[in-house]
Amino acid sequence: KAGVTQTPRYLIKTRGQQVTLSCSPISGHRSVSWYQQTPGQGLQFLFEYFSETQRNKGNFPGRFSGRQFSNSRSEMNVSTLELGDSALYLCASSLASFGGEKLFFGSGTQLSVL
Amino acid sequence: AQKVTQAQTEISVVEKEDVTLDCVYETRDTTYYLFWYKQPPSGELVFLIRRNSFDEQNEISGRYSWNFQKSTSSFNFTITASQVVDSAVYFCALTQAGGTSYGKLTFGQGTILTVHP
């Protein structure tokens, strides 16, 4: 069974640009969560989608948005990039019939903002 | 609010030594789940264990063991006879059971474990 796939693996952008990251969950998983990982703040929850609906959201500005498609694939968008957005963005999937299910993570997209 | 504290930033051991990673948590929830994840250099977080707040039975899985003590809000992880391949960052995490915690784990800052040959 294929794991969680994130593309691209690396991305370099400049301030003010926008970026879209992609995540394909494990087959059969309907929940996709996104996390930001930085050396200073650690792992922080961005949002979670289930059946194309956002069910949970972390404390990030509106520049961070996401969506989920009918095949459970998800995209995350960051608009008007700032230097502080440089981070490893991790996607996780789960069956998620309830809160507390274990999450399966991808290898992440390393975003560098110059 | 939930909080997870991993006081050990970095641990360095020599192969075959036993090593314990500490995790202390805070939560107002009466039911919750605790997790340990491992992050090797490749970046993905690898699930190791999940424990719910009702189950204080300690667990051993191969060289890994976990000690959950609700009275002290701790969920420590021990690797017996460490190996070089155990070198990674280890994260302890917490989430509310059920409710609206979908997808949201509160992570500790992680402990960097380096096992030297």
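Use the structure listed above.
Since the model is a prediction, treat every value here as computed from it, not as a measurement. Along every chain, residues carry numbers that run from 1 in the direction the sequence is written. The order in which chains are written sets their letters, starting at A; the order in which ligands are written sets their numbers, starting at 1. Local features in this predicted model are restricted to residues whose pLDDT is 70 or higher, and side-chain atom pairs enter the listing and the counts only when it is 80 or higher, whereas totals over whole chains, interfaces and linings include all residues. In computing side-chain properties, one takes all heavy atoms of the structure into account and sets aside hydrogens as well as water.

(A) Here's a closer look at the overall build of chain A. Only DSSP runs of H or I covering at least 4 residues are called helices, and only runs of E covering at least 2 are called strands; the numbering of each starts at the N terminus. The secondary structure content of chain A amounts to 0 helices and 11 strands. Secondary structure elements in chain A, listed N-terminal to C-terminal, are β-β-β-β-β-β-β-β-β-β-β. A globule of 114 residues ought to have a C-alpha radius of gyration of about 13 Å, and chain A, at 13 Å, matches this closely. Across its three principal axes, chain A shows a C-alpha extent of roughly 40 × 25 × 25 Å. Relative accessibility under 20% of the residue-type maximum defines a buried residue, over 50% an exposed one, and the middle range a partly exposed one, all with a 1.4 Å probe and only protein chains included. Burial statistics for chain A: of 114 residues in total, 52% are counted as buried. Every residue pair with non-hydrogen atoms within 4.5 Å of one another is taken to be in contact. Looking at chain A alone, contacts between residues at least 24 apart form 54% of all its contacts between residues at least 6 apart. The quantity called the radius of gyration is restricted to C-alpha atoms. Its globule counterpart is 2.2 Å times the number of residues to the power 0.38.

(B) Seen up close, the nonpolar core. By size, the foremost hydrophobic cluster in this structure holds 24 residues, and its most contacted members are B:Trp36, B:Trp66, B:Phe75, B:Phe77, B:Tyr90 and B:Leu113. Among the elements of the structure, β2 (10-14), β3 (19-21), β5 (32-39), β6 (46-52), β8 (64-69), β9 (74-79), β10 (88-96) and β12 (111-116) of chain B are those that each provide at least two residues to this core. Here this core gets 4 residues from one element, more than from any other, and that element is β10(B). The residues contacting B:Tyr90, other than those within four sequence positions of it, are B:Gln6, B:Leu21, B:Trp36, B:Tyr37, B:Lys38, B:Leu48, B:Phe77, B:Ile79, B:Gly110, B:Thr111 and B:Leu113. Judged by nonpolar contacts, the second largest core, of 21 residues, contains A:Cys23, A:Phe60, A:Phe64 and A:Met76. To qualify as a nonpolar core, a set must consist of buried Ala, Val, Leu, Ile, Met, Phe, Trp, Tyr and Cys residues joined through side-chain atoms within 4.5 Å.

(C) Region of interest: the pairing of β8(B). Two elements, strand β7 (residues 59-61) of chain B and β8(B), share 3 bridges in a ladder whose sense is antiparallel. What sits directly across from B:Ile60, in β8(B), is B:Ser65. We treat two strands as partners when DSSP finds at least two bridges between them.

(D) Examining the environment of B:Gly110 more closely. All names here are of chain B. Within the secondary structure, Gly110 sits in the loop between β11 (106-107) and β12. Overall, Gly110 belongs to the buried group, its relative accessible area being 6%. Sequence separation between Gly110 and Glu10 is 100 residues, and the spatial gap between their C-alpha atoms is 8.6 Å. Discounting chain neighbours no more than four positions away, the residues touching Gly110 are Gln6, Gln8, Thr9, Val89, Tyr90 and Phe91.

(E) Quick look at the interface of chain A and chain B. Across the contact, 23 residues belong to chain A and 23 residues belong to chain B. With both chains or domains summed, chain A and chain B bury close to 1900 Å², and 56% of this area falls on carbon and sulfur atoms. Each reported salt bridge corresponds to a side-chain nitrogen of Lys or Arg within 4 Å of a carboxyl oxygen of Asp or Glu. Linking chain A with chain B are 0 salt bridges, by the criterion used here. N or O atoms within 3.5 Å of each other form a polar contact, as long as, within protein, one can give a hydrogen and the other can take it, and as long as residues adjacent in sequence are counted only when both atoms are side-chain atoms. In this assembly, chain A and chain B are joined by 6 residue pairs in polar contact (both at pLDDT 80 or more). Those elements that place two or more of their residues in the side of chain A that touches chain B are β4 (31-38), β5 (42-50), β6 (53-57) and β9 (87-94) of chain A. Two parts placed together each lose some accessible area; with a 1.4 Å probe, that loss summed over both constitutes the buried area.

(F) Local environment of the pattern of salt bridges. Residue and element names in this part refer to chain B. On inspection of all chains with the given rule, the structure shows 8 salt bridges over all chains. When the shortest N-O distance is used, the salt bridge between Arg63 and Asp86 registers 2.8 Å. Of this pair, Arg63 sits in the loop between β7 and β8 while Asp86 sits in the loop between β9 and β10, and the two are 23 residues apart along the sequence. For Arg63, a relative accessible area of 25% puts it in the partly exposed group.

(G) Focus on the state of the cysteines. Cysteine sulfur pairs qualify as disulfides if the two atoms are within 2.5 Å. Within the structure shown, the criterion is met by 2 disulfides over all chains. The side chain of A:Cys23 participates in a disulfide bridge whose partner is A:Cys91; the two sulfur atoms lie 1.7 Å from each other. Across the S-S bond of A:Cys23 and A:Cys91 the torsion is about -55°, and the bridge reads as left-handed. Here A:Cys23, found in strand β3 (residues 19-24), pairs with A:Cys91, found in strand β9; they are 68 residues apart in sequence, far enough to count as distant. Comparing A:Cys23 with A:Cys91, the two get one shared label, buried. With its sulfur 2.0 Å from that of its partner, B:Cys23 forms a disulfide with B:Cys92.

(H) Up close: the side chain of A:Glu48. Residue and element names in this part refer to chain A. The topology assignment puts Glu48 in strand β5. Within the structure, Glu48 has its side chain in polar contact with the side chain of Ser31 (distance 2.6 Å). Of the polar contacts made by the side chain of Glu48, one reaches the side chain of Arg55; its length is 2.7 Å.

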